[in-house]
Amino acid sequence: MDYLGTLAEVPYGSHGYGSYFTYSLLDRLHRPDMTQVEAEDLLLKCVVELQKRFAINLPSFTYYIVDQNGFGEKKVLTVPPPPLTTARAFHPAVVEVME
């Protein structure tokens, strides 16, 4: 259910501005018969994609596993930010800050 009260059955979800970057991965890689390890690997791929493309640096993500046994323990996924590439290093905004 979204903030407007619209209810739809979906196989996965992503919310906020980051969802614009992660839905393409979820569309391509999600399978209904995924194991928990495969699902956590997909989550890691989504977080790495956010680190590359999202304007805000989010160093860690908290998630929970929910399955037929109920609500699991809190887990934290920490991914180091990607290195500053040559293309980004010479972006006018970056060069202005560096000077």
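Summary of the structure given here. All of these numbers come straight from a predicted model, not from anything done at the bench.

### Some words on the nonpolar core
Then, number 1: One finds Tyr12, Leu25, Leu26, Met34, Leu42 and Cys46 forming the largest nonpolar core, which totals six residues.
Then, number 2: Residues in contact with Leu42, not counting those within four places in the same chain, are Leu25, Leu26, Leu29, His30 and Met34.

### Here's the deal with the pattern of salt bridges
Then, number 1: Scanning all chains against the criterion turns up six salt bridges.
Then, number 2: The salt bridge partner of Asp41 is Lys45, with a shortest N-O separation of 3.6 Å. Remark: Lys45 and Asp41 occur in helix H2 (residues 36-53); sequence separation between them is four residues, near one turn of the helix.
Then, number 3: Its relative accessible area of 38% is what places Asp41 among the partly exposed residues.
Then, number 4: Residue class for Lys45 comes out partly exposed when judged on its relative accessible area of 39%.
Then, number 5: In this structure, the salt-bridge partner of Glu49 is Lys52, at a minimum N-O distance of 3.6 Å. Placement of both Glu49 and Lys52 in helix H2 is noted, with a separation of three residues, approximately one turn of the helix.
Then, number 6: The structure contains a network of salt bridges with shared partners spanning Arg31, Asp33 and Glu38.

### Here's the deal with the packing of aromatic side chains
Then, number 1: Tallying each qualifying case throughout the model produces four aromatic pairs.
Then, number 2: Summarising the aromatic geometry, the rings of Tyr17 and Tyr20 are spaced 6.4 Å apart at their centres and angled 35° between planes, so their arrangement reads as tilted.
Then, number 3: Owing to a relative accessible area of 64%, Tyr17 belongs among the exposed residues under this scheme.
Then, number 4: Judged by centre distance (5.9 Å) and plane angle (65°), the rings of Phe21 and Phe54 are edge-to-face. Note that Phe21 is positioned in helix H1 (residues 19-29) and Phe54 in the loop between H2 and strand E1 (60-67), a separation of 33 residues in sequence.

Calculation rules
Every chain is numbered independently, its residues counted from 1 as its sequence is written. For this predicted model, a pLDDT threshold of at least 70 governs which residues receive local features, and a threshold of 80 or more governs which side-chain atom pairs are given and counted, while totals over whole chains, interfaces and linings are taken from all residues. As a convention, hydrogens and water are excluded, and side-chain values are obtained from all of the structure's heavy atoms. Put simply, a nonpolar core is a bunch of buried Ala, Val, Leu, Ile, Met, Phe, Trp, Tyr and Cys residues held in one set by side-chain atoms that sit within 4.5 Å of each other. The cut-offs for exposure are 20% and 50% of the maximum accessible area for each residue type, with area from a 1.4 Å probe on protein chains only; residues under the lower value are buried, those over the upper are exposed, and the others partly exposed. The contact criterion used throughout is that any non-hydrogen atoms of two residues lie within 4.5 Å. Should a side-chain nitrogen of Lys or Arg be within 4 Å of a carboxyl oxygen of Asp or Glu, the pair is scored as a salt bridge. We count a stretch as a helix when DSSP gives it H or I for four or more residues in a row; a strand needs E for two or more, and each element gets its number in order from the N terminus. Note on ring pairs: Phe, Tyr and Trp rings are taken, using the six-membered ring of Trp, and paired if centres are within 6.5 Å. Classes follow the plane angle, with under 30 degrees stacked, over 60 edge-to-face and the rest tilted.

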